[in-house]
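Structural overview
The chain contents come next:
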Amino acid sequence: MLKQIDSVCLVGGTHPNELVGVKMICKYKKYPELVQRDSFKYEMLLANPAALELGRRYVDEDLNRQFLKSLLTNSELTTSESVRAREIAAHLKSDLIIDLHSTTANMGLTILPTNKNPFNLRLASYLTTLDPSVRVSFGVESQDASRLRSLAPFGLGIEVGPIAQNALSADLFKKTDFLIQNILDYIQAHNEGQMLPAPSRLTAYQTLFSIDYPKNPSDGSLIAMIHPDRNFQDFKPIYQGEPIFWNFFTGETIFYEDKTTLHPIFVGEVSYIEKGIAMSMTEKVTIDIPNED
Ligand SMILES: [Zn+2]
């Protein structure tokens, strides 16, 4: 069985315009007994204080893309976020990281395991038993390595939504707190040699690729919006021939043409518009979780 988890790091404000996570860390810093358990040390991190000060997502670039080993070892990178990523990587030595995010997309409570380690899969599976609206999604492996949470072998990101950037939501705040408390209790039980009951078969959404907004080929400007039938419909399967975009110049509907049925998430996520990304396409998968680590 996996050794004990000795240390846990709770992170908010990797994207400081996602205030649920920021306020969660503020509360836990004030009342650390809420996070404390007997069997592990904990730390709390507001990841990007310079951007938080400005009320922005980042100062120069997205912090949560700066954690590839090749970037962390390149001391010639001098953006605010690349410098901050090196500082965090030098200090953060926890076994398990919980990174708190929110999304403008209608993703409910989505768990993003750091990787497919059996411990992470079992924890995710356990969380799905607590609330039927909890879903599990995996990122693209090569991209996962650039995320802050990849600094530890164990852990997960939490995405809650829909919520506007820089907005507050008592409902999503309470739900985030509920998930964190249950994760901490799960780790405590694990360290005491107990395995809390969780289905050994996990249903999850594996991210495959993202789809860009249709653009004008001559100047790259957007020509279409997400089709109204698809807006706020995260995780709903999309079948060949269904509407996906709507050309707001011509009123024309653009259809999904691929034969493969996929499940879009981060549909219309506001922070991805600057990258031209409209949604991430996932495949629904079932994973049998190994008993041994
Ligand atoms: Zn985020």
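Notes on the structure in this doc start here. As the structure is a computational prediction, the values presented were derived from the model and not from experiment.

Examining the coordination of the zinc ion
A four-donor tetrahedral metal ideally has 109.5 degree angles, and a six-donor octahedral metal ideally has angles of 90 or 180 degrees. For the zinc ion, every protein donor is listed as His15 (ND1), Glu18 (OE), Glu18 (OE) and His101 (ND1), and the spread of their distances is 2.0 to 2.4 Å. On the accessibility criterion, His101 (5% relative accessible area) is buried.

So, the side chain of Glu81
In this fold, Glu81 is placed in helix H4 (residues 80-91). There is a polar contact of 2.9 Å between the side chain of Glu81 and the backbone nitrogen of Asp60. Ignoring any residue separated from it by four or fewer positions in sequence, one finds Glu81 in contact with Asn48, Ala51, Tyr58, Val59, Asp60, Glu61, Asp62, Leu63 and Gln66.

As for the pairing of strand E4 (residues 108-113)
Burial of E4 is extensive: five of the six residues sit out of reach of the surface. Judged from the six bridges that link them, E4 and strand E6 (residues 154-161) form a sheet pairing that is antiparallel. Residue pairing across strands places Gly108 opposite Gly161, the latter belonging to E6. Pairing analysis gives three bridges linking E4 to strand E5 (residues 134-138), with the strands arranged parallel. Within E5, the residue paired with Thr110 across the bridge is Arg135.

Re unusual backbone geometry
A cis geometry characterises the amide bond from Gly161 onward to Pro162, with omega recorded as 10 degrees. With respect to the helices and strands, Pro162 occurs in the loop between E6 and helix H7 (170-191). Although it is not a glycine, Asn166 adopts a positive phi angle of roughly 60 degrees. Residue position: Asn166 is located in the loop between E6 and H7. One non-glycine residue, Phe266, adopts positive backbone phi at about 50 degrees.

The rules behind the values
- Residues numbered from 1 in each chain as written.
- Predicted model: local features only at pLDDT ≥ 70, side-chain atom pairs only at ≥ 80, totals over all residues.
- Heavy atoms only, no water.
- Donors = N, O, S within 2.8 Å, 3.2 Å for Na, K, Ca; no water.
- Buried < 20%, exposed > 50% of the residue type's maximum accessible area, 1.4 Å probe, protein only.
- Helix = DSSP H or I, 4+ residues; strand = E, 2+ residues; numbered from the N terminus.
- Polar contact = N/O pair within 3.5 Å; in protein donor to acceptor, adjacent residues only side chain to side chain.
- Contact = heavy atoms within 4.5 Å.
- Pairing = 2+ DSSP bridges.

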